[in-house]
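This is what each chain is made of:
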Amino acid sequence: MLEQLSVQNFAIIEQVDIDLSRGMTVFSGETGAGKSLIVDALGFLLGAKADNSIIREGAADCTVSGLFSIPDNPEVQRWLEERGISDESESSILIRRTLKQNGRSLAWIQNRQVSRAELVEFTQFLVDIHGQHEHQRLIDPATHIEMLDAYASLDQDLKAYQKIYQEWRDSVKAYQSLLEEKAKRAQEMDYLEFVIKDIASAKPRAGEDIELAAEEKILSQHEKLFAAISEASSSMAAGDSTDALHLLKRARADLETARAIDARLGPFADRLAAAYYELEDISESIAEYRSGLRFDPGRLEAIQNRLAELQRLKRKYGPELADVLQRFDRARSTLDTLAHADENALELEKRMKALKEKVTSAAAELSEKRMAAAATLSSSMEAIVRRLGMPDARCIVRVARIVDDRGSYRPGPFGFDEVEFYIAPNPGEPDRPLSRIASGGELSRFALALKAVLAAHDVVDTLVFDEIDTGIGGQVGVAVGEYLKQLSEYRQVLCVTHLATIAARADQQCKVMKYISEGRTSTEIRYLSGDEREAEIARMLSGSAESDVSRSHAAELLSKAQIQQ
C-alpha cells in the first residue's frame, strides 16, 4: 500500500505531500488543476520513461518519493534479499526517483541506488495504474493472452513451457543449419581429403627438415670440408719434425729433464703431458673422421629433392614443418566430424521430434487450463459488467488454437493459443471483438470489470484509476462507484474522477487546486471533510457549490454512501 507520496518540481507542482490510507481515495478538482499529474508523478516514481520537460520551469531537477508498506509476498522479499536491500522498518520501504535537467535519472530503493529496469521490476509488485491510455492496451488482442494467464495464475506453467519451447526452437535452428550447409560441407570435405592426401603422401617427420638441411650442407661442401680436415690432420699427425705432435713430444721430454733438476716445474710438466695426450686423441679422431668422409652425389640430390618437397608443404600449410603436421591432424579431425555430420543430423532430428512432442504436450496443458479459466473469467466479468449498467451484456473470452497449413497445431512463444476478448453490449447484437466497441463508456466498464477480476488474483496492493469514468454517468456512475468501493475492501484504490457519484463513495477525498502566486502557477492538495467535501461534491454535480439544490443532493449522496458503508 502507498502510505505517503511526495512530489517536488513536477510540471506545475512545486511541492505536494500526500498522506494516504487504505480503502478508497479520490482526487477531484477543476479540469486542468493537475489531478492526472498526481498519477503521472506516481508513474514516474514507478519507473515510467520521462524527459526533462516534466521538470518545473526554473528548477534544476524534479523528485518524487513514496513510502510503501510491503506486501506479504515471498517474491518481494526474495527480490529485496537478492539485492541486499533491507526492510529497515520491517513494514515499509522508501522509493525515490530524481530527474535532472541533463536528462539523467536516478532512483533509490531504501538507500540503495537501482536502475530504471530494476525499479520497474520491483514496483510491479506494488502498484497497478489504469489510465485512459490503458484502453489502447486493452483493445489490443496481443495483450489478452497475458491477462488470461494472469487470471489463471499460469506464470510458472508458461515459464516451464517457454523453456522447452526455446530448446525446441534451438534444435530446429541447428537442424536447419545442418541441412543448409550440407553442400558446403561436401566441398569442405573434398578439400580436407586433398590436404590430408597431400601431406600424407610426403610422410613428413618432425624435425626432418633440420636434419636434412645439416646433411645437405656437408655433402654440398664436401671438397672444402675434406681439404680442411686433411690439412688439420697433416699439421697434427706425427710424420716429420715440424708437425705439432712431434714438437709437443720434444718439448715434453725437455720439460721432464728440467723437472728432475727443479721440482717446481712439475706442474708444468704434468699440464704439458695432459695437453699432449688430448692433442694426440684429437689427431686420431680427425684422422678417423677423414677416413669416413664419402661424397655421394645421388644422396645429395635426394636430400635436395626432399627439402624442396618439405618446403612446398611449409609454404602451403606452414610456415614451419610443425605447423604442417598440426594442419594434418586438424584436417583429419575436422573431416571425421564432417563425415559424421549426417549421423549428427539424424540424432538432432530425433531430439527435435522429441522436443516437439514435449512442446505440443505442454502447450496442450496450457491451452486446457486457459480454456477452463476463460469460462470463469467470462462469467466473472459479465457479472460485474451487468452490475455496471449493462444488464444484458455478454462477455466472452475466446481461446482458439493456431494451426498451420497442414492443419496441425503451431506452437509459439505462448503456446498454440490465440486469446481475444469479445463482448455483446446489447440484446440481439452479435459478439464482437473488444477492439470494435465504439463506446468509451462501455470500454471503461469492461476495463473496470477486468481490472476488478484480475485484482483478486494479483499481489499488487494498490490500484490506481485515472478517469476510469470516461464516457459514463448517471446510474452507471453510481454502479461504478459502488464497485470501486467494494474493490477497496481488499485493495487500496486511488481514483481520479469527475463523477460525484464515485467521489461520494470514497473514504478519503482530496481536492486538487491550481493557484497563481507571484506570477507562477502551482498545484496544491486539500483534504476534504464536512462542509468542504459537501461543497466539492455539489460542484461536481452542477458546476457550482453555491446551489442549494446541488448542496442538498451532495449531502444526500454522502449520507447514502456512509449508510451503505
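Up top is the structure.
Structure report, in brief. (Residues numbered from 1 in each chain as written. Predicted model: local features only at pLDDT ≥ 70, side-chain atom pairs only at ≥ 80, totals over all residues. Heavy atoms only, no water.)

### A closer look at empty space enclosed by the protein
Put simply, the rule is: Here a cavity denotes a set of grid points, spaced 1 Å apart and computed over the protein atoms alone, in which a 1.4 Å probe fits but from which it cannot get out, and a pocket denotes an open set meeting protein on both sides within 12 Å along at least five of seven lines; residues with an atom within 4 Å of a point are reported as lining. Grid points are joined across faces, edges and corners, and a volume is the space filled by probe spheres set on the points. In this text, helices come from DSSP runs of H or I with a minimum length of four residues, and strands from runs of E with a minimum of two, each type numbered from the N-terminal end. Note on residue categories: nonpolar means Ala, Val, Leu, Ile, Met, Phe, Trp, Tyr, Cys or Pro, charged means Asp, Glu, Lys or Arg, and polar means any other residue, Gly included.
By the definition in use, this model includes one cavity of 30 Å³ or more. Considering only enclosed or pocket space, the largest cavity measures out at about 70 Å³ in volume. If you go around the largest cavity, the residues you meet are Leu2, Leu5, Ile18, Leu20, Phe27, Ile38, Val39, Leu42, Val464 and Leu494. Put simply, the parts of the chain that give the lining of the largest cavity at least two residues each are strand S1 (2-10) and helix H1 (35-45). In terms of residues, the lining of the largest cavity owes the most to one element, H1, which gives three residues. Taken together, the residues of the lining of the largest cavity break down into ten nonpolar, no polar and no charged.

### Description of the layout of surface pockets
Gaps between atoms show up when a probe of the same size as a water molecule is rolled over them. Empty space within the largest pocket amounts to approximately 1,500 Å³. If you trace the largest pocket, you find 42 residues lining it, with Gln124, Asp128, Ala150, Asp458 and Val460 closest to the centre. Put simply, the parts of the chain that give the lining of the largest pocket at least two residues each are helix H2 (74-82), helix H3 (116-123), strand S8 (127-130), helix H4 (134-138), helix H5 (144-152), helix H6 (155-180) and helix H15 (440-455). Taken together, the residues of the lining of the largest pocket sort by class into 19 nonpolar, ten polar and 13 charged.

### Observations concerning the packing of aromatic side chains
Each pair of aromatic rings is reported with the distance of its centres and the angle of its planes. Rules: Whether two aromatic rings pair depends on their centres lying within 6.5 Å, for rings of Phe, Tyr and Trp, where Trp uses its six-membered ring; planes under 30 degrees apart make the pair stacked, over 60 edge-to-face, and the rest tilted. Charge over a ring is defined by NZ of Lys or CZ of Arg lying within 6 Å of the ring centre and within 35 degrees of the ring normal.
Per the counting criterion, the structure on display carries seven aromatic pairs. In this structure an aromatic cluster arises from ring pairing among Tyr161, Tyr165 and Trp168. A cation sits over an aromatic face here: Arg96 above Trp108, 4.1 Å from the ring centre. Sitting over the face of the ring of Trp168, Arg169 holds its NZ or CZ atom 5.4 Å from the ring centroid.

### Considerations on the nonpolar core
For clarity, the threshold we go by: We call a set of buried Ala, Val, Leu, Ile, Met, Phe, Trp, Tyr and Cys residues a nonpolar core when their side-chain atoms join them within 4.5 Å. The buried label applies to any residue whose accessible area, calculated with a 1.4 Å probe on protein chains only, is under 20% of its type's maximum; exposed applies above 50%, and partly exposed to all values in between. Contacts are residue-level and defined by heavy atoms, with any inter-residue pair within 4.5 Å sufficient.
Counting residues in each nonpolar core, the largest one holds 58 residues, and the members touching the most others are Leu377, Phe446, Phe465, Leu484 and Ile537. Here this core takes ten residues from H15, the largest share from any one element. Setting aside its immediate chain neighbours within four residues, Phe446 contacts Leu138, Met381, Val385, Cys395, Phe421, Ile423 and Leu434. Core analysis: the next-biggest nonpolar cluster, separate from the first, contains 47 residues, Ile55, Cys62, Leu80 and Val114 among them.

### Some points on the sheet that holds strand S11 (residues 432-433)
Note: strands within a sheet are paired through backbone hydrogen bonds, in either parallel or antiparallel orientation. Here is the rule: By this definition, two strands are paired if DSSP reports at least two bridges between them. Between the N-to-C directions of two axes lies an angle of 0 to 180 degrees, each axis being a line fitted to C-alpha atoms and, for a helix, fitted only over the stretch in contact.
Judged by pairing direction, the sheet is antiparallel, and its three strands sit side by side in the order S9-S10-S11 without closing on themselves. Either end of the sheet is taken by a strand with one partner, and the two such strands are strand S9 (394-401) and S11. By the bridge criterion, two bridges tie strand S10 (residues 417-424) to S11 in an arrangement that is antiparallel. Counted as the bridge partner of Tyr422 is Pro433 from S11. Sitting on the sheet, H5 touches S9 and S10, and the angle it makes with S10 is about 90°.

### Some details on H3
Applicable threshold: In this description, one arc is meant: the one made by directions from the helix axis to the C-beta atoms.
Regarding H3, the residues found buried are Leu119, Phe122 and Thr123. The buried residues of H3 occupy an angular sector of 90° when projected down its axis, which confines them to one face. On its buried side, H3 packs onto H1, H2, strand S5 (92-100), strand S6 (105-109), strand S7 (112-114) and S8.

### Some points on the sheet that holds strand S12 (residues 462-466)
If you trace the six strands from one edge of the open sheet to the other, you get S8-S12-S13-S3-S14-S15, paired in mixed fashion. Both outer strands of the open sheet, S8 and strand S15 (520-528), are each paired with one neighbouring strand and no more. Strand after strand, the sheet turns through a mean of 20° between neighbouring axes, direction not considered. Pairing analysis gives nine bridges linking strand S14 (residues 508-517) to S15, with the strands arranged antiparallel.

### Focus on the environment of Asp140
Relative to the helices and strands, Asp140 is located in the loop between H4 and H5. Once the C-alpha coordinates of Asp140 and Ala561 are considered, the two residues, 421 residues apart in sequence, prove to be 36 Å apart.

### Notes on the environment of Glu349
Positionally, Glu349 belongs in helix H14 (residues 341-387). Note on Glu349: relative accessible area 22%, which makes it partly exposed. Along the sequence, Glu349 and Pro411 sit 62 residues apart, while their C-alpha atoms lie 18 Å from each other.

### So, the pattern of salt bridges
Inclusion rule: The rule for a salt bridge is simple: a side-chain nitrogen of Lys or Arg has to be within 4 Å of a carboxyl oxygen of Asp or Glu.
Here the structure, examined in full by the defined rule, presents 32 salt bridges. With its nearest N and O atoms 2.8 Å apart, the salt bridge here joins Asp149 to Arg370. Of this pair, Asp149 sits in helix H5 while Arg370 sits in helix H14, and the two are 221 residues apart along the sequence. Arg370 matches Asp149 in its accessibility class, with the two residues each being buried. The salt bridge partner of Glu208 is Arg306, with a shortest N-O separation of 2.7 Å. You can see Glu208 sitting in helix H8 (residues 208-220) and its partner Arg306 sitting in helix H12 (residues 297-317), a full 98 residues away along the chain. For Glu208, a relative accessible area of 9% gives the class buried. One network of salt bridges, with partners in common, ties together Glu30, Lys511, Glu536 and Arg539.

### Considerations on unusual backbone geometry
In the segment running from Gly318 into Pro319, the intervening peptide bond is cis, with an omega of 25°. Tracing the chain through its elements places Pro319 in the loop between H12 and helix H13 (321-339). The backbone phi angle of Ala11 is positive, close to 55°, even though this residue is not glycine. Among the structural elements, Ala11 can be located in the loop between S1 and strand S2 (13-19). One non-glycine residue, Glu518, lies in positive phi territory at about 55°. Position of Glu518 relative to the elements: it lies in the loop between S14 and S15. Taking the relative accessible area as the measure of exposure, Glu518 reaches 80% and is therefore exposed.

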